[in-house]
Amino acid sequence: MRVLVKGAGVAGLTAAFELATRGAAVTVAETRHSLGGNASWFAGGMLAPWCERESAEQPVLDLGCNAADWWEAATPGQATRAGTLVVAAPRDAGELDRFASRTSGHRHVDEDEMSQLEADLAGRFRRGLLFPDEAHLDPRQAMAALHNRLAAMGVEFHFGADASAVSGFDRQIECTGMAAGDDRLRGVRGEMLILNTPDVSLSRPVRLLHPRFPLYAVPRTGHRFMIGATMIESQSVGPVTARSMMELLGAAYALHPAFGEAEIVETGIGVRPAFPDNLPRVETNGEIIVINGLYRHGFLLAPAMARQAAALVFSQDRTKELAHETNGQRRSA
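Here goes a summary of the coordinates provided. (Residues numbered from 1 in each chain as written. Predicted model: local features only at pLDDT ≥ 70, side-chain atom pairs only at ≥ 80, totals over all residues. Heavy atoms only, no water.)

**Considerations on the sheet that holds strand S16 (residues 281-285)**
Whenever strands of a sheet pair, they do so through backbone hydrogen bonds, lying parallel or antiparallel. Quick note on the threshold: By definition, two strands form a pair when at least two bridges between them are found by DSSP. Secondary structure counts use DSSP, requiring at least four H or I residues in a row for a helix and at least two E residues in a row for a strand, with both numbered from the N terminus. Axis lines are fitted through C-alpha atoms, for helices just across the contact stretch, and the angle between N-to-C directions can take any value from 0 to 180 degrees.
The six strands lie next to each other as S8-S2-S1-S9-S17-S16, forming an open sheet whose pairing is mixed. Edge positions in the open sheet fall to strand S8 (156-159) and S16, since each of these has one partner strand only. On average, each strand axis in the sheet is inclined to that of its neighbour by 20 degrees, with strand direction left out of account. As defined by bridge partners, S16 adjoins strand S17 (residues 288-292) across five bridges and the pair is classed as antiparallel. Its bridge partner being in S17, Thr284 is matched across the sheet by Ile289.

Right, dumping it as structure tokens:
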């Protein structure tokens, strides 16, 4: 079976992997001229279904609880299983209690244990929440690793390609996000910073709760940290705004003052596609299967949605085979 996957973001790459492992001959077409630059490129890469349950519906936890296992199997060594630490300033202790009441899979940690988990945060926070079963990855490294794995499996990639002009495939998987032109989708703009400082070391993502602008800091290699992210109801792809920059930097400074001397290596924005209920969908449109609406949970939910899409592709194919067999039997009867 020949399958065309439109889009080389995290949805497209995970779908290609699921299809290829089931024996399909897969081609990926991407309008961009190289891997990256889409919303996936600016993601936090947190595989944190229990934390996300604070503001998301139960399906996000159900669909995402095995994401770290999927990434480890598909891209060995990319997922770091160190959990997530959630903290709040003493004046915002109520935010920590609220977060705990809306989530599961965590345990309370005091100041002493927190200093053991993250030495550079010693003395800065009195208590926190540790979600030990969560993980994180660097989206750019993970996407590159998955692309290389797929290429080694025989998946063909066409960058700078007009997928609408391609034909000759048995199935198509649409993974183009906002570009799909679905009127039900809205854009949710996420802004992020990458800071560089040798004066802070973190072993896991740290979420700092705040009533107005909560922040997460995700460690990357080379003393770099991804600081994010805003959630603005907008499809604008313009640069990071001054207000967002000040809020993100202010929250980073509150997490650790050394971030005040950090280098701003990069700023970026990603417009994330979301349905009204903020839940993803795998839908059929004739011969085309569509994966969309991953919202802020791209790397967390893409594996589960890819499995659903691949199962649907092969179940449709089997249904057609059975129909052909039935028709043949009727003609010979």
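There's more to say after this.
**Description of the pairing of strand S9 (residues 171-174)**
Where we set the bar: For every residue, the accessible area obtained with a 1.4 Å probe (protein chains only) is divided by the maximum for its type, and the residue is called buried under 20%, exposed over 50%, and partly exposed between those limits.
Side chains of S9 alternate between two faces, with Arg171 and Ile173 and Gln172 and Glu174 buried alike. Two strands pair when backbone bridges link them, and strand S1 (residues 2-6) and S9 are joined in this way by four bridges, in the parallel orientation. Bridge pairing in S9 places Val5 opposite Ile173.

**Focus on helix H5 (residues 93-101)**
What counts is decided by this rule: Starting at the helix axis, one direction is taken to each C-beta atom, and the arc is that of these directions.
Residues of H5 that are buried include every one of Glu95, Leu96, Phe99 and Ala100, and no others. Here the buried residues of H5 occupy an arc of 135 degrees about the axis, which is enough to place them on one side.

**Regarding the nonpolar core**
What counts is decided by this rule: Take the buried residues of types Ala, Val, Leu, Ile, Met, Phe, Trp, Tyr and Cys, join any two whose side-chain atoms come within 4.5 Å, and each joined set is a nonpolar core. In this analysis, two residues are considered to be in contact whenever any of their non-hydrogen atoms come within 4.5 Å of each other.
Judged by nonpolar contacts, the single largest core of 48 residues is most densely connected at Leu19, Val26, Leu47, Trp71 and Ile173. Counting only elements with at least two residues in this core, the list comes to S1, helix H1 (10-21), strand S2 (25-30), helix H4 (67-74), helix H7 (139-152), S17 and helix H9 (298-332). When residues of this core are assigned to their parent elements, the largest contribution, nine residues, is made by H9. Among residues more than four places away in sequence, those in contact with Val26 are Val3, Val5, Ala16, Leu19, Ala20, Gly154, Val155 and Glu156. In this structure, Leu121, Leu202, Val206 and Leu215 belong to the second largest nonpolar core, which totals 25 residues.

**Topic: the packing of aromatic side chains**
Put simply, the rule is: Between the rings of Phe, Tyr and Trp (Trp by its six-membered ring), a pair exists once the centres lie within 6.5 Å; its type follows the angle of the planes, with under 30 degrees stacked, over 60 edge-to-face, and the other angles tilted.
By the definition in use, this model includes six aromatic pairs. Between Trp71 and Phe299, the ring centres sit 5.5 Å apart and the planes meet at 35 degrees, which makes this aromatic pair tilted. Placement of Trp71 in helix H4 and of Phe299 in helix H9 is noted, with a sequence separation of 228 residues between them. Phe299 carries the same exposure label as Trp71, and that label is buried.

**Structural notes on the environment of Arg32**
The topology assignment puts Arg32 in the loop between S2 and strand S3 (46-47). The partly exposed category is assigned to Arg32, whose relative accessible area is 37%. Distance from Arg32 to Ala145, taken between C-alpha atoms, is 18 Å for residues 113 residues apart in sequence. For Arg32, the residues in contact, after removing those within four places along its chain, are Gly37, Asn38, Phe159 and Gly160.

**Focus: the side chain of Thr230**
Operational definition: Any N or O atom pair separated by 3.5 Å or less is treated as a polar contact, with the protein-specific requirement of one donor-capable and one acceptor-capable atom, and with residues adjacent in sequence counted only for side-chain atom pairs.
Within the element layout of this structure, Thr230 appears in the loop between strand S13 (224-228) and strand S14 (232-233). At a separation of 2.8 Å, a polar atom in the side chain of Thr230 contacts the side chain of Glu191.

**Description of the packing of H1 against H7**
The condition that has to hold: Definitions for this section: a left-handed crossing has its near helix turned counterclockwise from the far helix by less than a right angle. A right-handed crossing has that turn clockwise. Three classes are used: nonpolar for Ala, Val, Leu, Ile, Met, Phe, Trp, Tyr, Cys and Pro, charged for Asp, Glu, Lys and Arg, and polar for all others, with Gly counted as polar.
Two elements in contact, H1 and H7, have axes whose closest approach is 10 Å; the angle formed by their N-to-C orientations is 35 degrees. In this structure, H1 crosses over H7, and the sense of that crossing is left-handed. Of the residues in H7, those in contact with Val10, Leu13, Thr14, Ala16 and Phe17 of H1 are Met143, Leu146, Arg149 and Leu150. Partitioned by chemical class, the residues of the contact of H1 with H7 number seven nonpolar, one polar and one charged.

**Here we look at unusual backbone geometry**
At Asn278, a position not held by glycine, the phi torsion is positive, near 65 degrees. Looking at the secondary structure, you find Asn278 in the loop between strand S15 (263-274) and S16. The exposure class of Asn278 is partly exposed, given its relative accessible area of 24%. Here Tyr295, not a glycine, exhibits a phi torsion of approximately 55 degrees, which is positive.

**Side note on the packing of H1 against H4**
In plain terms, the rule: If an angle is under 35 degrees, it is roughly parallel; if it is over 145, roughly antiparallel; if it lies from 65 to 115, roughly perpendicular; otherwise it is oblique.
In contact at an axis separation of 12 Å, H1 and H4 are set at 65 degrees when each is read in the N-to-C sense. If you check the angle between H1 and H4, you find them roughly perpendicular. As for the relative orientation of H1 and H4, their crossing is left-handed in sense. Taking contact as the criterion, the partners of Val10, Thr14, Phe17 and Glu18 in H1 are, on H4, Trp70, Trp71 and Ala74. Among the residues forming the contact of H1 with H4, the class breakdown is five nonpolar, one polar and one charged.

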